Amino acid sequence: MSEKTNGYRWVVLIIACFALFSPSYAQYQLPPLAPQIIADLGLTPSQFTGIFSAPMIPAIFLSLVAGLLADKFGIKLTIGIGLVISAVGAFLRIGSGTYQFLFFSMLVTGFGTAFLNTNGPKIIGSWFPPDKVGGMMGIFLAASTLAMTAGMGTTAMLPGLRTAYIIAAVLTILGAVLWLLLMKKPPETETAQGAAQTIPISACLKVVLKSRTVWFVGICLMGIMASVVIISSFLPTILGGRGIDPVAAGIYGSAVTIGNLLGCIFAPVLAGRLGLNKPFLYLFTIISVVGAAFGWQAPQGALLAICLCITGIAMGGLMPLLMSIPVQLPEIGPLYAGTAGGVACTLQLIGAVVIPTYIAGPIAGANMNMFFIVGGACMIMVFLFTLGLPELGKKRKV
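What comes next concerns the included structure. (Residues numbered from 1 in each chain as written. Predicted model: local features only at pLDDT ≥ 70, side-chain atom pairs only at ≥ 80, totals over all residues. Heavy atoms only, no water.)

### As for helix 4 (residues 57-73)
- The end-to-end C-alpha distance of helix 4, which contains 17 residues, comes to 23 Å, matching closely the 24 Å that a straight helix rising 1.5 Å per residue would cover.
- Its axis deflected by about 55° at S63, helix 4 carries its strongest bend there.
- Regarding helix 4, the residues found buried are P58, A59, S63, A66, G67, L68, A70, D71 and K72.
- Just beyond helix 4, the residue with positive phi is G74, at close to 100°. (Helix = DSSP H or I, 4+ residues; strand = E, 2+ residues; numbered from the N terminus. Expected span 1.5 Å × (residues − 1). Bend = angle between axes of the 7 residues up to and from the residue. Buried < 20%, exposed > 50% of the residue type's maximum accessible area, 1.4 Å probe, protein only.)

Structure below.
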């Protein structure tokens with residue numbers, strides 16, 4: 001990679017982070033606006049929940065398709081299409097005046113996030129050397145967590161719904177424009193991309209689906225996402241049951257989010273310095289088992305905030321370490337990373353939707369404590385599957 005290209009990879013990373021930030025920010029504007037949206041549109045709580053989760057729907061059904069298309073036609077075109085669709089959704093949301101229209105616009109806004117999350121490892125793996133992939137994936141994933149923090153922390157300060165929607169639309173449109181104008185592909189991937197365009201999609205699937213490691217990574221992401229959704233959905237409720245007021249419960253919830261952000265950024269850096277990934281996978285998974293199941297029971301005050309923050313760090317740190325694995329596999333690499341990311345992200349989103357609703361819900365019933373026990377059990381599953389993952393750190397035994 002030439003010195004000029006070597007420098008441009010940082011531009012690529014910044015563009016990718018901003019493109020991921022903007023539609024995620026649009027989604028996480030909604031929780032602070034919930035009372036006004038529910039009142040203005042006459043929604044039920046379940047309808048509002050449906051609107052908020054609508055951007056996740058494209059990822060459930062299109063992650064694998066997005067990965068296959070990126071491997072076949074390149075990341076610029078494939079992700080560019082997703083970002084343009086997101087920009088259209090964010091623009092349409094400005095004029096949404098009914099439940100149906102708002103649901104549709106939010107669903108459309110999720111295309112860019114789905115396409116970027118699926119192909120994030122392919123973008124990073126194409127521009128950065130293998131020893132930098134984990135750290136750069138951490139920065140990339142942190143953009144989404146930062147969007148969550150910004151959306152939930154600043155939207156209430158804006159004058160109203162329309163202003164919030166306009167700001168999100170401008171950012172989302174800008175992300176799509178920057179991607180289309182400035183995104184390039186590194187010279188050494190041009191030959192590989194040309195080869196990829198001659199490979200049938202069935203061949204891409206064959207290579208990826210027979211990789212045990214890709215399946216293990218996807219199952220691990222499934223368990224983590226299920227536990228994350230359980231915690232984020234029910235933490236305010238279970239803390240309220242302890243007599244903690246809603247404002248304080250919100251502050252405790254932000255401790256988890258801040259922990260996620262710190263974990264995304266610093267876990268790959270620490271793993272890179274040690275030269276080994278698996279010790280951190282084991283440590284973070286064990287912490288997550290205990291934190292997900294019992295962290296909420298810590299005494300109120302600083303200790304509760306610290307326990308929740310540590311849980312967030314552990315869960316956030318697992319994500320970039322796991323998502324960077326497929327692109328570093330010799331049989332996958334940047335060439336098939338999109339398809340591998342599609343398989344992994346599909347399993348991840350299945351965990352987010354299916355396990356909390358159709359497994360944890362029937363098991364726990366009205367017992368909030370049991371919900372968190374199930375969240376911890378999901379992390380036990382993650383630990384078991386991390387045992388079968390390869391060590392890809394620079395100090396691994398060859």
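### Here's the deal with the layout of surface pockets
- Estimated volume of the second largest pocket: approximately 450 Å³.
- In terms of lining, the second largest pocket is formed by 23 residues, of which the most central are P130, D131, K132, G134 and G272.
- At the level of elements, helix 7 (130-154) and helix 12 (246-274) are the ones that each hand at least two residues to the lining of the second largest pocket.
- Sort the elements by how many residues they give to the lining of the second largest pocket and helix 7 lands first, with 7 residues. (1 Å grid on protein atoms, 1.4 Å probe; cavity = no way out; pocket = protein on both sides within 12 Å on 5 of 7 lines; lining within 4 Å. Points joined across faces, edges and corners; volume = space filled by probe spheres on them.)

### Here we look at the packing of aromatic side chains
- All chains considered together, the criterion is met by 10 aromatic pairs.
- Look at Y99 and F103: their rings are 6.1 Å apart centre to centre, the planes differ by 45°, and that puts the pair in the tilted class. One end of the pair is Y99 and the other is F103, both in helix 6 (residues 99-127) and 4 residues apart, which spans about a single turn.
- When its relative accessible area of 24% is taken as the criterion, Y99 is described as partly exposed.
- Here F103 falls in the partly exposed class, since its relative accessible area comes to 24%.
- Here F216 and F385 contribute two aromatic rings whose centre-to-centre distance is 5.1 Å and whose plane-to-plane angle is 85°, an arrangement assigned as edge-to-face. Here F385 lies in helix 17 (residues 368-386) and F216 lies in helix 11 (residues 212-240), a separation of 169 residues in the sequence.
- The residue whose ring lies beneath K184 is Y8, and the NZ or CZ to ring-centre distance is 4.6 Å. (Phe/Tyr/Trp six-rings, centres within 6.5 Å; stacked < 30°, edge-to-face > 60°. Lys NZ or Arg CZ within 6 Å of the ring centre and 35° of its normal.)

### A few points about the environment of G89
- Along the polypeptide, G89 turns up in helix 5 (residues 75-93).
- Measuring from C-alpha to C-alpha, the distance between G89 and I60 comes to 18 Å, with 29 residues separating the pair along the chain.
- Contacts of G89, omitting those with residues within four sequence positions, involve S105, V108 and T109. (Contact = heavy atoms within 4.5 Å.)

### Observations regarding the pattern of salt bridges
- Overall, the coordinates contain 1 salt bridge when judged by the stated rule.
- With a shortest N-O distance of 2.8 Å, K122 and D71 are connected by a salt bridge. You can see K122 sitting in helix 6 and its partner D71 sitting in helix 4, a full 51 residues away along the chain. Considered together, K122 and D71 belong to a single accessibility category, that of buried residues. (Salt bridge = Lys/Arg side-chain N within 4 Å of Asp/Glu carboxyl O.)

### Observations concerning empty space enclosed by the protein
- Within this structure, the stated rule accounts for 2 cavities of 30 Å³ or more.
- The calculated volume of the largest cavity comes to roughly 50 Å³.
- If you go around the largest cavity, the residues you meet are N117, T118, P121, V217, M323, P326, A340, G341, A344 and C345.
- Those elements that place two or more of their residues in the lining of the largest cavity are helix 6 and helix 16 (333-364).
- The element best represented in the lining of the largest cavity is helix 16, accounting for 4 residues.
- The class makeup of the residues in the lining of the largest cavity is 7 nonpolar, 3 polar and no charged.
- In this structure, the second largest cavity is lined by I231, L235, V256, G291, A292, W296, L308, T311 and F372.
- Those elements that place two or more of their residues in the lining of the second largest cavity are helix 11, helix 13 (278-294) and helix 14 (302-323).
- Tallied by class, residues from the lining of the second largest cavity come to 7 nonpolar, 2 polar and no charged. (Nonpolar A, V, L, I, M, F, W, Y, C, P; charged D, E, K, R; others polar.)

### As for the packing of helix 12 against helix 14
- With their axes 6 Å apart at the nearest point, helix 12 and helix 14 run at an angle of 45° to one another. Looking at the two axes, helix 12 sits oblique to helix 14. Here helix 12 and helix 14 pass one another in a crossing that is right-handed. Here Y252, A255, V256, G259, N260, L262, G263, C264, A267, P268 and A271 of helix 12 lie close against helix 14, whose contacting residues are L304, A305, L308, C309, G312, I313, M315, G316, G317, P320 and L321.
- Counted by class, the contact of helix 12 with helix 14 contains 16 nonpolar, 6 polar and no charged residues. (Axes fitted to C-alpha atoms, helices over the stretch in contact; angles between N-to-C directions. Parallel < 35°, antiparallel > 145°, perpendicular 65-115°, else oblique. Left-handed = near helix turned anticlockwise from the far one by under 90°.)

### Some points on helix 12
- Along its 29 residues, helix 12 runs 41 Å from first to last C-alpha, staying within 8% of the 42 Å computed at 1.5 Å per residue.
- Helix geometry: helix 12 is bent most strongly at G263, by close to 30°.
- Residue D245 occupies the N-cap position of helix 12, its side-chain oxygen lying 2.9 Å from the main-chain nitrogen of A248.
- The positive-phi residue at the C-terminal boundary of helix 12 is G275, with phi of around 85°. (Polar contact = N/O pair within 3.5 Å; in protein donor to acceptor, adjacent residues only side chain to side chain.)

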